[in-house]
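Residue strings, one per chain:
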Amino acid sequence: MTQIIANLSQISARYDALFCDLWGCLHNGVAPFPAAVTALQAFRAKGGKVILLTNAPRPKSSIVKQLDDMTVPRDAWDDVVTSGDAAQYAMLTGAVGHKVHFIGAPKDEVFFTDFAEDLQAIAAANPPITRVATKDAEGLVVTGLVDDLTETPEDYRATLLLAKNLGLPMLCANPDIIVHWGDKLLYCAGALAKEYESMGGTALYFGKPHPPIYDLARRRLQALGGAEDARILCIGDGIHTDVQGAIGESLDALFVTGGIAHDSFGADSNNPDKDLLEDWLEQAMLSPSYSIGHLR
């Protein structure tokens, strides 16, 4: 059974590094959560490393800029690893071919041009990626909906059906289905991938809970001086992304109940009801080592 804790400091001494989710844990897409920032700063002040691990489909530099724009202080983290980074590696090495049809927002255009330092050599060593119409493509690259404020996966049904009939594999740069943006819920690339698979199409995933993003996070942790056998705690509010991914990697998980599933554990999001939480986790068939209302 999961252990409900009030503060990260209760368990932080057991770990050398944190793999911490962003949306729902450190910020809500609009502003940071002050208590979460303080908790990460305190962990680093005692010598711990913090890797921000996000299913955002954009490269690291884009997320760093977003964090800066939201005034998340840089002393709250050491490095950033995105689903976009892991998916870029797969795209550059031809996982869905080199002629691709792109589905994503204008803000995600950097997926094809902006590569972290450890991916630049991969880009130089492989054939260029060419963006084409669906009928001419070898595969799909999906970072999200073009306009996630107004669109739903149903708007893409015709395109996905054509791609499925052509036998195109889909590279999904963000496995998340939905995400909080302020007080709204927005569809992510994972929603399109789920729809595609329901049609009989093939989708490839690179963010949480799938191994590629954890492999990249470990490499970047070691580049910061972290030991190969570092004790890592994964923090997140996604039971089927953050928690499932941690368990799959044999890592401990801290489940933030006040995030995407906040309305499932009682009226007080700071203090999840233990019985409701245990029942919910039993239905999910996943049990994180720890749970907390909000990261603090």
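Residues numbered from 1 in each chain as written. Predicted model: local features only at pLDDT ≥ 70, side-chain atom pairs only at ≥ 80, totals over all residues. Heavy atoms only, no water.

## Considering the pairing of strand β4 (residues 79-82)
And then number 1: Of the two faces of β4, the one carrying D79 and V81 and the one carrying V80 and T82 are both buried.
And then number 2: Taken together, the 4 bridges between strand β3 (residues 49-54) and β4 define a ladder with parallel strand orientation. In the strand pairing of β4, T54 is matched with T82.
And then number 3: What joins β3 to β4 is helix α2 (residues 60-69), and the crossover it makes is right-handed. (Buried < 20%, exposed > 50% of the residue type's maximum accessible area, 1.4 Å probe, protein only. Helix = DSSP H or I, 4+ residues; strand = E, 2+ residues; numbered from the N terminus. Pairing = 2+ DSSP bridges. Right-handed = clockwise from strand over helix to strand, strands pointing away.)

## A look at helix α7 (residues 211-223)
And then number 1: With 13 residues, α7 extends 19 Å from end C-alpha to end C-alpha; this agrees with the ideal 18 Å at 1.5 Å per step.
And then number 2: If you check which residues of α7 are buried, you get I213, Y214, L216, A217, R220 and L221. All buried residues of α7 project into a common sector of 160 degrees when viewed along the axis, lining one side.
And then number 3: Residue G225 follows α7 closely and has a positive phi angle near 100 degrees. (Expected span 1.5 Å × (residues − 1). Arc of directions from axis to C-beta.)

## Details of the packing of aromatic side chains
And then number 1: Under the definition given, this model contains 5 aromatic pairs.
And then number 2: Between F265 and W280, the ring centres sit 5.1 Å apart and the planes meet at 85 degrees, which makes this aromatic pair edge-to-face. Of this pair, F265 sits in the loop between β13 (252-256) and α9 (274-284) while W280 sits in helix α9, placing them 15 residues apart in sequence.
And then number 3: Classification of F265 by relative accessible area gives buried; the value is 2%.
And then number 4: When the ring centre of F112 is taken as origin, the NZ or CZ atom of R131, which lies over that ring, is 4.8 Å away. (Phe/Tyr/Trp six-rings, centres within 6.5 Å; stacked < 30°, edge-to-face > 60°. Lys NZ or Arg CZ within 6 Å of the ring centre and 35° of its normal.)

Read these as geometric descriptors, not functional statements.
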